[in-house]
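Observations on the three-dimensional arrangement
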Amino acid sequence: MSHTTADPHPHHQSGPPWATPPDSSMAVSLRGLTKVFSPGTERSKVAVNRLNLEVPHGAFYGLVGRNGAGKTTALSMLTGLLRPTEGVAMVSGIDVWADSRRAKMAMGVLPDGMTFFERLSGRQLVTYAGLLRGMDRATVAQRTDDLLGAMDLSDDAGTPVQDYSAGMRKKVMLAAALVHAPGLLVLDEPFEAVDPVSAANIRELLQGFARAGGTVIVSSHVMDLVQRMCDHVAVVDNGRLLAAGTVDQVRREKSLEDTFVDLVGGRTHVGEELSWLRPR
Ligand SMILES: Nc1ncnc2c1ncn2[C@@H]1O[C@H](COP(=O)(O)OP(=O)(O)OP(=O)(O)O)[C@@H](O)[C@H]1O
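The residue numbers shown here count from 1 along each chain, following its written sequence. At least 70 in pLDDT is required for a residue's local features to be given in this predicted model, at least 80 for side-chain atom pairs to be given and counted, and no such filter applies to totals for whole chains, interfaces and linings, which use all residues.

Time to look at the domain arrangement of the protein chain. Here the protein chain is partitioned into domain 1 (18-106 + 183-263) and domain 2 (115-181). Each domain's extent was defined by an automatic or database domain assignment. A C-alpha centroid distance of 24 Å is found between domain 1 and domain 2. By definition, residues are in contact whenever their C-beta atoms, placed on the basis of the backbone, come within 7 Å of each other. Between domain 1 and domain 2, the residue contacts involve 12 residues of the former and 10 residues of the latter. Helix numbers and strand numbers start at the N terminus; a helix is a DSSP run of H or I with at least 4 residues, a strand a run of E with at least 2. Going through the elements one at a time, strand 7 (184-188) and helix 6 (196-211) are the ones with two or more residues in the side of domain 1 that touches domain 2. The leading source of residues in the side of domain 1 that touches domain 2 is helix 6, at four residues. Considering only residue class, the side of domain 1 that touches domain 2 consists of eight nonpolar, two polar and two charged. Each residue is assigned to one class: nonpolar for Ala, Val, Leu, Ile, Met, Phe, Trp, Tyr, Cys and Pro, charged for Asp, Glu, Lys and Arg, and polar for all the others, Gly among them.

As structure tokens, then:
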């Protein structure tokens, strides 16, 4: 039996399967971005399916979708961490997979659930991230202090990252993503496990960055947060883009949460299906 899901492009066009080329005037332009895991096997999975997206410079873009919708996979292909099966990811006119070194210099990335060099202290980790980007020591030292302060980590700057809580790890990784002041920030679930005071500080920092012309892409499950914080939003489900645009265009007159549930469907009537789940 053939597994048609393994091949997202069954018609084998000769040229690329997108109508217009990537837009190099955008902060991010995705064309036909596709990831098939374990192609040609029974476990074959199309995690991201011909994603097209335009992110203008200065946008604060939210990426929302259910668990397993393909957000992390899409962001990993955009940031040079996971090679696409097909399609193009462009950052400020730089093709991420043709010129990944230059593309990576242009972005700050907070990957999902990844911490590197656990034995370094918070200060060492952020310092290392800065030096790795070719910055001079004095500037790195100044920015590291500023960032650790903004993340409420000054008191723990000397503690090894392996002893940090989940929220503290998230914050120190965010500081490491910001230290070289990139034009584009790509942040996977930046507020997960972060306390409300730190979240408010980070939100303010990111909004200031976007107001100054920087571009931010965040993935999140928290619709209320996206509605309040972002000016644009993209909804993905099953690897496909369901809607994208300004938050007001996407949600129209409703709340983003209601629009999201309408778009992706799938509300289960838990009360009926789990009727056994009742305290006796
Ligand atoms: N390395 C992998 N091998 C096989 N399948 C994978 C792999 N990584 C992700 N997937 C599958 O791809 C789909 C998309 O996963 P992804 O992590 O991108 O979702 P997500 O939208 O980030 O989800 P969440 O909100 O739960 O973090 C899921 O069905 C997942 O099981």
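What sets the pattern is the α-helix's 3.6 residues per turn: residues three or four places apart point alike. Those residues of helix 3 (residues 122-132) lying buried are Gly122, Arg123, Leu125, Val126, Thr127, Ala129 and Gly130. Its buried side turned inward, helix 3 meets helix 4 (137-150) and helix 5 (166-178). Phi turns positive, to about 80 degrees, at Gly134, one or two residues after helix 3. Three classes are used. A residue is buried when 20 or more other C-beta atoms lie within 10 Å of its own, exposed when 12 or fewer do, and partly exposed in between, with C-beta atoms placed from the backbone.

The next subject is the sheet that holds strand 5 (residues 94-95). The pairing criterion is simple: DSSP has to find at least two bridges between the two strands. Strand order in the open sheet formed by four strands is 2-1-4-5, and the pairing between neighbours is antiparallel. Two strands lie at the open edges of the sheet, namely strand 2 (45-55) and strand 5, each paired on one side alone. Bridge analysis of strand 4 (residues 86-91) against strand 5 gives two bridges, and the strand direction is antiparallel. Bridged to Met90 within strand 5 is Asp95. Packing of helix 1 (residues 71-78) onto the sheet brings it into contact with strand 1 (28-37), strand 2 and strand 4, and relative to strand 1 it is tilted by some 120 degrees. Interaxial angles span 0 to 180 degrees and are taken between N-to-C directions of axes, which are lines fitted to C-alpha atoms, for helices over the stretch in contact.

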